[in-house]
Structures are given as C-alpha cells and as structure tokens.
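Analysis of the macromolecular model
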Amino acid sequence: MRLLYAEDEPAMAEAVADILTYHKYMVDTVDNGQDALEYALNEDYDGIILDVMMPRMDGLTVLTKLRSAGKRTPVLLLTARAEVTDRIQGLDMGADDYLPKPFVMEELLARIRAMLRRRDSFMPAVLEAGDLRLDPSDVTLHCGSKSIALQNREFQLMEALMKNPGTYQSADYLIINAWGYDVETDANSVRVYLSGLRRHLEELGSKVEIRSRRNIGYTLAWEE
C-alpha cells in the first residue's frame, strides 16, 4: 500500500514515516501543502494523511482542491485543532477520517487500516436515468458510446438529480449536495452549472432534459 504523508514538523514526520515503513507501507513524505497537492494529483496513492496546519497551503485547502479535481483517494486529516466543529468541517469537505493531535501511534495505524479497508470494499454505484449513466469511478457521464468527464460540481449536481429523477429539487438542496453547508453561494451558481450540464446533454445527444419550475426547483425528465 502506498501512502502520501504531509507533515511540516520534521521530527513528527520522520517518526511516523519510520513506523509506517516498518508496517510495510510505502510512504512519500512532504512538508507543505503545495507539494502535497502536486504529489496527490500526479501520483496514484492508496491513501493520503494530511496535517491541517501546513505552510504554503493548509490541509483543508489541499483536500478541497483534490475533491474538486475529482480525486477520490481516501484522506485522513491530522490536526491539533480538536474542536467538534473543526472535525465536522473537515468531514463535510470530503475527508474520510479525522484524528486529533497528539495521537497514539497504534490508533493512527488502526485508522489507516480502516480507511484502506473501506477503500478496498467500496464499489461506487453507476447511476442510470433514461439513456444516461453516471460513473463515480471516473466522474464521467455516458450516453451510448459517447462520454464526457465532468467537473466536480457538475458531477455532484448530476448525481443529486439522477438519484431522484422526476422529483423537483430546490436550489438550496442542490447547493448543499454540491458545495456543502458552510459556503457562500446562491441559486445563480446552480443555474450556471446546470446550464453547463444542459450543454453536455446536447453534446451527448441524450433524450434526458434538465427541467425547471419557478420557485420549485429542478429535475431530470425524458420521453420513453
């Protein structure tokens, strides 16, 4: 198993990397968020361990950029900020687990094992609606032999719509699904991304349409 470990405290980084190596993990270590992002985007890791407080780019920003880029590699956050609100924020932003500092090494190893087990057993479901298929494994929308790779927001919006075809969903509901709770965005952003998705449906030649009702919301519909 190959791990990326981002930690800016040299002594901590060395100690954890040595123990992980002892337990048969292959570990790449970096000491800042910018390098963590570049490594994570360009290499294939089984799991990523991110310290939240890092120079050049904090761990939460790294996490956000990874998820926005469609990277679904499991992420374990490490931080000295142990408040419940901080943990909730990290999990809502796409982290798979959260371990406050200081931690016992046995617990870190157990969290890593659990994270990797979930990764190995998780088979993302391909969603279908009309002539469309949405594949979470590569964030791609398919129609017949054609396909389009979606941006992260586009994927999350389409996923919410395809889970409930024929049911109108409000802009607020779609915002929560695509952006999370703690964001400053509005219905205009939803309309912009849905406009892009409509163009994708036209490019794919799909019979599925994104329909809207004023003051109600959006849904997927198609003629049989």
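Heads up: the structure comes first, above all this text.
Report on the accompanying structure. (Residues numbered from 1 in each chain as written. Predicted model: local features only at pLDDT ≥ 70, side-chain atom pairs only at ≥ 80, totals over all residues. Heavy atoms only, no water.)

Strand order across the open sheet formed by 5 strands is E2-E1-E3-E4-E5, with parallel pairing between neighbours. In the strand order of this sheet, the two ends are held by strand E2 (26–30) and strand E5 (97–100), each with one partner. Strand-to-strand twist of the sheet, defined as the mean angle between neighbouring strand axes without regard to direction, takes the value 20°. In the sheet, strand E4 (residues 75–79) pairs with E5 via 4 bridges, with the strands oriented parallel. The partner of Thr79 across the bridge, within E5, is Pro100. Seen against the sheet, helix H3 (residues 59–68) touches strand E3 (47–51) and E4 and runs at an angle of roughly 145° to E3. (Pairing = 2+ DSSP bridges. Helix = DSSP H or I, 4+ residues; strand = E, 2+ residues; numbered from the N terminus. Axes fitted to C-alpha atoms, helices over the stretch in contact; angles between N-to-C directions. Contact = heavy atoms within 4.5 Å.)

This part takes up helix H1 (residues 10–22). Because an α-helix completes one turn every 3.6 residues, residues spaced three or four positions apart along the sequence face the same direction. Between its terminal C-alpha atoms H1 stretches 18 Å, which fits the 18 Å expected from 13 residues at 1.5 Å a residue. Buried within H1 we find Ala13, Val16, Ala17 and Leu20. Looking down the long axis of H1, one finds its buried residues gathered within 100° of arc, a one-sided arrangement. Away from the buried face of H1 by more than 90 degrees, exposed residues Ala11, Glu14 and Tyr22 are located. Just downstream of H1, Lys24 is the residue with a positive phi angle, here 75°. (Expected span 1.5 Å × (residues − 1). Buried < 20%, exposed > 50% of the residue type's maximum accessible area, 1.4 Å probe, protein only. Arc of directions from axis to C-beta.)

Within the element layout of this structure, Asp135 appears in strand E7 (residues 132–135). Along the chain, Asp135 and Phe155 lie 20 residues apart, while their C-alpha atoms are 9.3 Å from each other. With residues near it in sequence (within four places) discarded, Asp135 still touches Val126, Thr140, His142 and Phe155.

Quick look at the side chain of Glu7 now. For Glu7, the position within the fold is in the loop between strand E1 (2–6) and H1. Judged by its relative accessible area of 1%, Glu7 is buried. A distance of 2.8 Å separates polar atoms of two side chains, one belonging to Glu7 and the other to Lys101. Once you skip the residues sitting within four places of it in the chain, Glu7 turns out to touch Met12, Ala13, Val30, Asp31, Asp51, Met54 and Lys101. (Polar contact = N/O pair within 3.5 Å; in protein donor to acceptor, adjacent residues only side chain to side chain.)

A word on the layout of surface pockets. Its boundaries defined by the atoms lining it, the second largest pocket holds a volume of some 180 Å³. Lining the second largest pocket we find Ser170, Ala171, Asp172, Ala187, Arg191, Ser212, Arg213, Arg214, Asn215, Ile216, Gly217 and Tyr218. Secondary-structure elements contributing two or more residues to the lining of the second largest pocket are helix H7 (171–179), helix H8 (187–204), strand E10 (209–213) and strand E11 (217–221). Here the residues of the lining of the second largest pocket are counted per class, giving 4 nonpolar, 4 polar and 4 charged. (1 Å grid on protein atoms, 1.4 Å probe; cavity = no way out; pocket = protein on both sides within 12 Å on 5 of 7 lines; lining within 4 Å. Points joined across faces, edges and corners; volume = space filled by probe spheres on them. Nonpolar A, V, L, I, M, F, W, Y, C, P; charged D, E, K, R; others polar.)

Here the focus is the environment of Thr21. The topology assignment puts Thr21 in helix H1. Separated by 18 residues in the primary sequence, Thr21 and Leu3 place their C-alpha atoms 10.0 Å from one another.

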